[in-house]
Amino acid sequence: MLDGLIGAKKGAAPEASPIKDGDIRSFGQDVIQASQQVPVLVDFWAPWCGPCKQLTPLLEKVVTAAGGKVRLVKVNIDEPANAQLVQQLRIQSVPTVYAFVGGQPVDGFMGALPESELRAFIERLTGPIGAGDADMTAETAKQAAEAGDLEGAAAIYQHLLETSPEDPALLGGLARAQMSLGQLDAAEATLAKAPLKLTNHVDIESVRASIALAREAGTLPDAASLQARLSADPDDHAARRDYATALFLRGQTEPAIDELLAIVKRDREWQEDGGRKALVRLFEALGPSHPATVQGRRKLSAVLFA
């Protein structure tokens, strides 16, 4: 559905403003690439559309209140240059809003919604928005990381560490967010602050294993190009393994596990049971008690003994 848009305008960093106008030329950068970091809403509208005039200001208000946890790109369907984009995304009426995460549309709605429903829609992607310092908790940081707001998660962890500098869960959470941002040296420096008695704590050890995995993986192709390879050849297991690694290092744990399970299902013999071995590495990085490890091992057993 997104053929021809993935590679558009690569290289430039997304702009700081969370709200901007977009078109097919900027879609690759402003939506596909930006949604690798935080969710991006795409508002398809038209100047003649009455409900659009009600919806767009409310979207802008809620997105602004989210404080960078989500971005908004507004696309005018009447612009001739956007005809291909409208066709590829099958826009049949306006307003239509799609939510993109990880380069793909994951949710959406048509028509104008009240502010309360817009906030609920966005919070399903980002977790609670507009929280003050009193609401900063490790769970808030975790939710921010899972929603793709890695910088926000890191800021919350750093804030909490000011009063609990030796908390292994906070140190591990900050290091994982830094790792997911590609800041491997900073992540290792954060782990080094853990007291000697906590160096083998599961929250510390699992992130250390994840950093080792990241360094071993080296520079992976971007997720979009890996997805393109898989679309062309679903049996490109090397691309699927790399895609799973990229997902995992961005904190998208369950999708990463599912991709590796797909390798096990398709070809147990690939690289001498390479799919299963890669899964075991992820389980080690997560730690044995992590819910994703427990669930992932169950899924793996179901595949192996089906």
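What you are looking at is a predicted structure, and each value in this text was computed from that prediction instead of being measured.

Enquirer: I'd love a proper account of the overall build of the protein, names of residues and values included.
Expert: Within the protein one finds 14 helices and five strands. In terms of C-alpha radius of gyration, the protein reaches 21 Å, essentially the compact-globule figure of 19 Å for 306 residues. Projected onto its principal axes, the C-alpha coordinates of the protein cover approximately 65 × 50 × 35 Å. Counting all 306 residues of the protein, 47% fall into the buried class. Sequence-distant contacts in the protein: of pairs separated by 6 or more residues, those separated by 24 or more amount to 60%.

Enquirer: How would you sum up the environment of Ala 153? Please name residues and give values.
Expert: Here Ala 153 lies in helix 6 (residues 150-161). Taking the C-alpha atoms as reference points, Ala 153 and Tyr 243, separated by 90 residues in sequence, lie 23 Å from one another.

Enquirer: For the packing of helix 10 (residues 223-232) against helix 11 (residues 237-249), give the residues involved together with the corresponding values.
Expert: Each pair of packed helices can be summarised by the angle the axes make with each other and by the distance between the axes. For the pair helix 10 and helix 11, the least separation of the axes is 9 Å and the interaxial angle reads 150 degrees. Between helix 10 and helix 11, the interaxial angle falls into the category roughly antiparallel. Considering how the two elements wind past one another, helix 10 and helix 11 form a crossing that is left-handed. Across the interface between the two elements, Ala 223, Leu 226, Gln 227, Arg 229 and Leu 230 from helix 10 touch Ala 238, Ala 239, Arg 240, Asp 242 and Tyr 243 from helix 11. Classifying every residue of the contact of helix 10 with helix 11 by side-chain character gives six nonpolar, one polar and three charged.

Enquirer: Can you break down the pairing of strand 3 (residues 71-76) residue by residue, with the values?
Expert: Most of strand 3 sits out of view: five of its six residues are buried. Where strand 2 (residues 40-45) meets strand 3, six bridges bridge the pair, whose relative direction is parallel. Bridged to Phe 44 within strand 3 is Val 75. On the question of chirality, the crossover connecting strand 2 to the parallel strand 3 by way of helix 2 (residues 50-65) is right-handed.

Enquirer: I'd love a proper account of unusual backbone geometry, names of residues and values included.
Expert: Residue Val 94 is joined to Pro 95 through a cis peptide bond whose omega torsion reads 0 degrees. Among the structural elements, Pro 95 can be located in the loop between helix 3 (83-88) and strand 4 (96-101). The backbone phi angle of Gln 271 is positive, close to 45 degrees, even though this residue is not glycine. As for its position among the elements, Gln 271 is in the loop between helix 12 (253-266) and helix 13 (274-286). At Asp 273, a position not held by glycine, the phi torsion is positive, near 65 degrees. Turning to its location among the elements, Asp 273 is positioned in the loop between helix 12 and helix 13.

Enquirer: Outline the confidence of the model for the protein, supporting the account with residue identities and numerical values.
Expert: Overall, the predicted model of the protein reaches an average pLDDT of 84, with 92% of residues at or above 70. Averaged pLDDT values for the elements of the protein fall to 78 in helix 5 (residues 138-146) and rise to 96 in strand 2. Note that residues 6-15 has pLDDT below 50 and, in this model, 19 contacts with residues that lie over four places away or in other chains. Confidence drops under pLDDT 50 across residues 131-135; counting only partners more than four residues distant or on other chains, this segment forms two contacts.

Enquirer: Got a sec to walk through the sheet that holds strand 3? Specific residues and values, please.
Expert: What links the strands of a sheet is backbone hydrogen bonding, and the strands pair in either a parallel or an antiparallel sense. Spatial ordering of the open sheet is given by 1-3-2-4-5, a layout of five strands whose pairing is mixed. Each edge of the open sheet is held by one strand with a lone partner, namely strand 1 (19-22) and strand 5 (104-110). In this sheet, adjacent strand axes meet at a mean angle of 25 degrees when their direction is disregarded.

Enquirer: Which residues make up the state of the cysteines, and what are the values?
Expert: Tallied over the entire structure, the rule returns one disulfide. Through a disulfide, Cys 49 is tied to Cys 52; the S-S separation comes to 2.4 Å. Between Cys 49 and Cys 52, the disulfide has an S-S torsion of 85 degrees and is therefore right-handed. For the pair Cys 49 and Cys 52, a shared accessibility class is recorded, and that class is buried.

Enquirer: I'd like to hear about the nonpolar core, residue by residue, with values.
Expert: Ranked by size, the top nonpolar core spans 49 residues in total, and within it Phe 248, Ile 257, Leu 260, Leu 279 and Leu 282 carry the most contacts. Considering each element in turn, this core owes the most residues, seven residues, to helix 6. Apart from the residues within four sequence positions on either side, Ile 257 is in contact with Leu 279, Leu 282, Phe 283, Leu 286, Ala 292 and Gly 296. Membership of the second largest hydrophobic core comes to 19 residues, among which are Ile 32, Val 42, Val 75 and Leu 89.

Calculation rules
- Residues numbered from 1 in each chain as written.
- Predicted model: local features only at pLDDT ≥ 70, side-chain atom pairs only at ≥ 80, totals over all residues.
- Heavy atoms only, no water.
- Helix = DSSP H or I, 4+ residues; strand = E, 2+ residues; numbered from the N terminus.
- Rg over C-alpha atoms; globule rule 2.2 N^0.38 Å.
- Buried < 20%, exposed > 50% of the residue type's maximum accessible area, 1.4 Å probe, protein only.
- Contact = heavy atoms within 4.5 Å.
- Axes fitted to C-alpha atoms, helices over the stretch in contact; angles between N-to-C directions.
- Parallel < 35°, antiparallel > 145°, perpendicular 65-115°, else oblique.
- Left-handed = near helix turned anticlockwise from the far one by under 90°.
- Nonpolar A, V, L, I, M, F, W, Y, C, P; charged D, E, K, R; others polar.
- Pairing = 2+ DSSP bridges.
- Right-handed = clockwise from strand over helix to strand, strands pointing away.
- pLDDT = per-residue confidence, 0-100.
- Disulfide = S-S within 2.5 Å.
- Core = buried A, V, L, I, M, F, W, Y, C linked by side-chain atoms within 4.5 Å.

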